[in-house]
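Coordinate inspection notes
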Amino acid sequence: MVFDRERLRRARYAVAAVFCVHGAVTGSFATRVPWIADHAGIGAGQLGLALAFPALGASAAMPLAGAISHRFGARTALRGLLALWTLSLVLPALAPNVYTLCGALFVYGATAGMSDVAMNALGVEVENRLDKSIMSSLHGMWSAGALIGSAAGTLAAHLGTDARLHHLIAALVLTALGMLFCQGVLDLRSAPDEEPPPRFALPPRSALVIGAIGFCGVFAEGASLDWSAVYLRDELGTSAGLAAASTTAFALTMAVARLVGDRVVDRFGAVRTVRVGGVAATAGGVLVVVAPHPAAALAGFGLLGLGVAVVVPLAFAAAGRSGPNPSQAIAGVATITYTSGLIAPSAIGGVADATSLTVSFGLVTLLAFGLVLGAGVLRTGDRTTRTATDAVTAGKSPR
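An unreviewed UniProt entry lists the protein under the name MFS transporter, with Streptomyces lavendulocolor given as the organism.

1. Examining the packing of helix H13 (residues 270–290) against helix H14 (residues 294–308)
The interhelical angle for the contact between H13 and H14, taken along N-to-C directions, is 160 degrees, at an axis separation of 7 Å. Considering their axes alone, H13 and H14 lie roughly antiparallel with respect to each other. Crossing handedness for the pair H13 and H14: left-handed. Note on element contacts: H14 touches H13 through Ala-296, Ala-297, Ala-299, Gly-300, Phe-301, Leu-303, Leu-304, Gly-307 and Val-308, opposite Gly-277, Gly-278, Ala-280, Ala-281, Ala-283, Gly-284, Gly-285, Leu-287 and Val-288. Among the residues forming the contact of H13 with H14, the class breakdown is 12 nonpolar, six polar and no charged.

2. Observations concerning the side chain of Arg-7
With respect to the helices, strands and loops of the structure, Arg-7 is situated in helix H1 (residues 5–30). The buried category is assigned to Arg-7, whose relative accessible area is 15%. A distance of 3.2 Å separates a polar atom in the side chain of Arg-7 from the backbone oxygen of Val-185. With near-sequence residues (within four places) excluded, Arg-7 lies in contact with Arg-75, Gly-184, Val-185 and Leu-186.

3. Let's talk about helix H7 (residues 98–130)
With 33 residues, H7 should reach 48 Å at 1.5 Å per residue; the first-to-last C-alpha distance of 47 Å fits that figure. If you check the start of H7, you find a side-chain oxygen 3.1 Å away from the backbone N of Tyr-99, and it comes from Asn-97. Backbone geometry just downstream of H7 places Asp-131 in the positive-phi region, at approximately 60 degrees.

4. As for the packing of helix H4 (residues 53–72) against H7
When two helices pack together, you describe them by how their axes are tilted relative to each other and by the distance separating the axes. It is the contact of H4 with H7, at a shortest axis distance of 6 Å, that shows an interaxial angle of 40 degrees. The crossing of H4 and H7 is right-handed. Only Cys-102, Leu-105, Phe-106, Tyr-108, Gly-109, Ala-110, Gly-113, Met-114 and Val-117 of H7 make contact with H4, whose side of the interface consists of Phe-53, Pro-54, Leu-56, Gly-57, Ala-58, Ala-60, Ala-61, Met-62, Leu-64, Ala-65 and Ile-68. Residues of the contact of H4 with H7, tallied by class, amount to 17 nonpolar, three polar and no charged.

Procedures and definitions
- Residues numbered from 1 in each chain as written.
- Predicted model: local features only at pLDDT ≥ 70, side-chain atom pairs only at ≥ 80, totals over all residues.
- Heavy atoms only, no water.
- Axes fitted to C-alpha atoms, helices over the stretch in contact; angles between N-to-C directions.
- Helix = DSSP H or I, 4+ residues; strand = E, 2+ residues; numbered from the N terminus.
- Parallel < 35°, antiparallel > 145°, perpendicular 65-115°, else oblique.
- Left-handed = near helix turned anticlockwise from the far one by under 90°.
- Contact = heavy atoms within 4.5 Å.
- Nonpolar A, V, L, I, M, F, W, Y, C, P; charged D, E, K, R; others polar.
- Buried < 20%, exposed > 50% of the residue type's maximum accessible area, 1.4 Å probe, protein only.
- Polar contact = N/O pair within 3.5 Å; in protein donor to acceptor, adjacent residues only side chain to side chain.
- Expected span 1.5 Å × (residues − 1).

What follows is the structure in structure tokens.
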């Protein structure tokens, strides 16, 4: 199916808005984690266990997204999956204990994973048809949505609003917006004789290597989003409102970095961008660990967000160019990154339960340094490198 340039431009804005809505759900949830933990009557260890269930649900349900899109078409599938995700926001705050919270978070994660796969697949399709990098800015819109959601959550926490009411209102508003924005995405449909995608396929070796970098980035991202508010409240004794602001600081720097990320990567290359980002993230982790005052911890979480911002978009880009089967490689990297999301919350909670949250973020700092050491594996997704290689192959001098 061929689309003109103007139609593709509108589709790009539509899918960007969908990314924003998806992120707003995560931001809305993350800022109220302390309230949800108190309501369920659980401590750090049980909270860490519960926070593993979103990624567990996502990993279990993600393979279904391709089959759903194949059967119903990309636009209809995205509309339905996104609505399930936005409405699932109401579930965690209703949970009265750790068992119901785990169940609610499993459903929350399953709908998150399926809608995530659907919107990223559409984003990649638009990027391919436009023949220009847009994935970093799309993920930037996700971070902008997380920022909006976390800002609203910070205000709700500051005002002492019951999270059940807050999340009900947010879910209804985000569902309505999501349905509106889905109208503008590409309506791609599989050919009648096309075989549906497999529900499970082993990732190629290249995806495992690239996925290791994604693992480090997502671990730092998930730990900061889920635990930053708890860290400031429990370790530094801040108010609920100021604690929630740490999530906002993290989401803000991620959003800004991702929105400008396409231009930065095109100029400096994927490897150099991620390596410098790893230095920033490591510095941020150290600042969080040694912070004597909440302001220093807020700055540390901001640096962490800045440093890991473009890791996931660039990991997907590298996977898509790493071998003869891009979709299988991307699926493999996605599985690894979601596994990181599965491990991060529970690992942070488990280490915190045995030692302290300060030690937990020492682990985050070590993984952030892994970005500095391993950035070279993203060379296959580096537009600067490929431009130079293509120019040499054609007998020209690279610009």
